[in-house]
Amino acid sequence: MTIRGNRFSRIPADGIQAGQVENLLIEDNEFDHVTPFLRSDEHSDGIQLHGQALGVTIRRNFFHDQPRALIAKRSIFRDLVIANNLMVRLSGIALNIYDAPGARIVNNTIWDTTAALRFNDLPEVSVDMSGAIVANNILDRLWFGPEYVAVEDHNIIGTRQPGRSYGPHDLFGDPSFASPGRLDYRLARGSR
């Protein structure tokens, strides 16, 4: 199944909610203002994966001005790829991923969030969150332990957590963007 070229705007729940899926491609979509504006007890995400998923690819999407881009929780998520997305001005954790062994998070810009990425593991799910690859991203901050990743390197990371190890090629500090007020998050000339 492919979900391509849509705009999910001002939705009071989830933009896309997927239960048990295989080979799902979500690409070239825009998600904005997906927020719980009708009921304050609603949990709104751009994308929510809540059933076992195999082969989900989320690429070249634009998430902005809402709480979160993705939550994947309470099941097993194999072959999850999140690549070449822009996720900015999010009031929550951009990517909140549980129990997705081998997840690949590559070539994304995730900035101006509570946290760019959090991996976690639920004891009641039969697989361990391990072996993730987090590479070549621009990330404001990370919230995960090293036990969840196989490779974390070649990232620009805004906030360095004390006591945490990073990849030998990671760079730290804020990059310069072309015009973030106009949602242009291309790197400006001379940026790290």
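Structure: above.
Treat the numbers as computed from the prediction; the structure is a model and nothing was measured.

**Student:** Describe the overall build of the chain, with residues and values.
**Tutor:** Within the chain one finds zero helices and 24 strands. Against the globule reference of 16 Å for 192 residues, the chain gives a C-alpha radius of gyration of 16 Å, in line with a compact fold. Each principal axis of the C-alpha distribution contributes one length, and for the chain these read about 45 × 40 × 30 Å. Buried residues in the chain amount to 54% of all 192 residues. Within the chain, residue pairs in contact and separated by at least 24 positions form 52% of the contacts whose partners lie at least 6 positions apart. Side chains of the chain give 20 positive and 23 negative charges; the mean places of these two sets differ by 6 Å.

**Student:** Outline the packing of aromatic side chains, supporting the account with residue identities and numerical values.
**Tutor:** All told, the structure shown has six aromatic pairs when counted by the stated rule. Relative to Phe-63, the ring of Phe-31 lies with its centre 4.5 Å away and its plane at 10°, an arrangement referred to as stacked. Placement of Phe-31 in strand E5 (residues 30-32) and of Phe-63 in strand E8 (residues 62-66) is noted, with a sequence separation of 32 residues between them. On the accessibility criterion, Phe-31 (0% relative accessible area) is buried.

**Student:** Any details on the nonpolar core? Residues and values, ideally.
**Tutor:** Counting residues in each nonpolar core, the largest one holds 42 residues, and the members touching the most others are Leu-95, Ile-97, Leu-117 and Phe-119. The contacts of Leu-95, once residues within four sequence positions are left out, are Ala-69, Leu-70, Ile-82, Met-87, Ile-105, Ile-110, Ala-116, Leu-117 and Arg-118. The next biggest cluster of nonpolar side chains, apart from the first, holds eight residues, and it includes Phe-62, Leu-86, Ile-156 and Tyr-185.

**Student:** Could you give an account of the side chain of Asn-61, with specific residues and numbers?
**Tutor:** In this fold, Asn-61 is placed in the loop between strand E7 (53-59) and E8. Within the structure, Asn-61 has its side chain in polar contact with the backbone oxygen of Ile-26 (distance 2.9 Å). Engagement of the side chain of Asn-61 in a polar contact is seen with the backbone nitrogen of Asn-29, the distance being 2.9 Å. Among residues more than four places away in sequence, those in contact with Asn-61 are Ile-26, Glu-27, Asp-28, Asn-29, Phe-31, Asn-84, Asn-85 and Leu-86.

**Student:** Break down the pattern of salt bridges for me, citing the residues and quoting the values.
**Tutor:** A complete count under the given rule lists 11 salt bridges for this structure. Residue Glu-27 is joined to Arg-60 by a salt bridge in which the shortest nitrogen-to-oxygen separation is 3.0 Å. Taken together, the residues Glu-27 in strand E4 (residues 21-27) and Arg-60 in the loop between E7 and E8 connect sequence positions 33 residues apart. Arg-60 gets classed as partly exposed once you look at its relative accessible area, which sits at 41%. Residues Asp-140 and Arg-141 are paired through a salt bridge, measuring 3.5 Å at the closest nitrogen-oxygen approach. Using a relative accessible area of 4% as the deciding quantity, one classes Asp-140 as buried.

**Student:** Tell me about the sheet that holds E5, and name the residues and values.
**Tutor:** An order of E2-E5-E8-E12-E15-E18-E21-E22 is seen for the eight strands of this open sheet, with the pairing classed as parallel. In this open sheet, the two strands that pair with only one neighbour each are strand E2 (7-9) and strand E22 (171-172). By the bridge criterion, three bridges tie E5 to E8 in an arrangement that is parallel. Across the sheet, residue Phe-31 finds its bridge partner in E8, namely Phe-63.

**Student:** Mind laying out the sheet that holds strand E6 (residues 47-49), listing which residues take part and the relevant values?
**Tutor:** Overall, parallel pairing links the six strands, which are arranged E3-E6-E9-E13-E16-E19 in an open sheet. In the strand order of this sheet, the two ends are held by strand E3 (16-18) and strand E19 (142-143), each with one partner. By the bridge criterion, three bridges tie E6 to strand E9 (residues 70-72) in an arrangement that is parallel. Directly across from Leu-49, in E9, lies its bridge partner Ala-72.

Cut-off values and rules
Throughout this description, residue numbers start from 1 for each chain and increase along the sequence as written. With pLDDT at 70 or above as the cut-off, local features in this predicted model cover only qualifying residues; side-chain atom pairs require 80 or more to be listed or tallied, and sums for whole chains, interfaces and linings still use all residues. With hydrogens and water set aside, each side-chain value is computed from the structure's full complement of heavy atoms. Strands here are runs of E lasting at least two residues and helices are runs of H or I lasting at least four, both read from the DSSP assignment and numbered beginning at the N terminus. Note on method: radius of gyration uses C-alpha positions; expected globular size equals 2.2 Å times residues raised to 0.38. Buried means the residue's accessible area, taken with a 1.4 Å probe over protein chains only, is under 20% of the maximum for its type, while exposed means over 50%, and partly exposed covers the values in between. In what follows, residue pairs with any heavy atoms lying within 4.5 Å of each other are defined as contacts. Only four residue types enter the tally: Lys and Arg on the positive side, Asp and Glu on the negative side, with His and both chain ends excluded. Lys charges are placed at NZ, Arg charges at CZ, Asp charges at CG and Glu charges at CD. Side-chain rings of Phe, Tyr and Trp, where Trp is taken by its six-membered ring, are said to pair if the distance between their centres is within 6.5 Å; with planes under 30 degrees apart they count as stacked, over 60 as edge-to-face, and otherwise as tilted. Grouping buried Ala, Val, Leu, Ile, Met, Phe, Trp, Tyr and Cys residues that are joined through side-chain atoms within 4.5 Å yields what is termed a nonpolar core. Here a polar contact is taken to be a pair of N or O atoms separated by no more than 3.5 Å, where protein atoms must pair a possible hydrogen donor with a possible acceptor and residues adjacent in sequence count only if both atoms sit in side chains. For this analysis, a salt bridge means a side-chain nitrogen from Lys or Arg found within 4 Å of a carboxyl oxygen belonging to Asp or Glu. Here the rule is simple: two strands pair whenever DSSP picks up at least two bridges between them.

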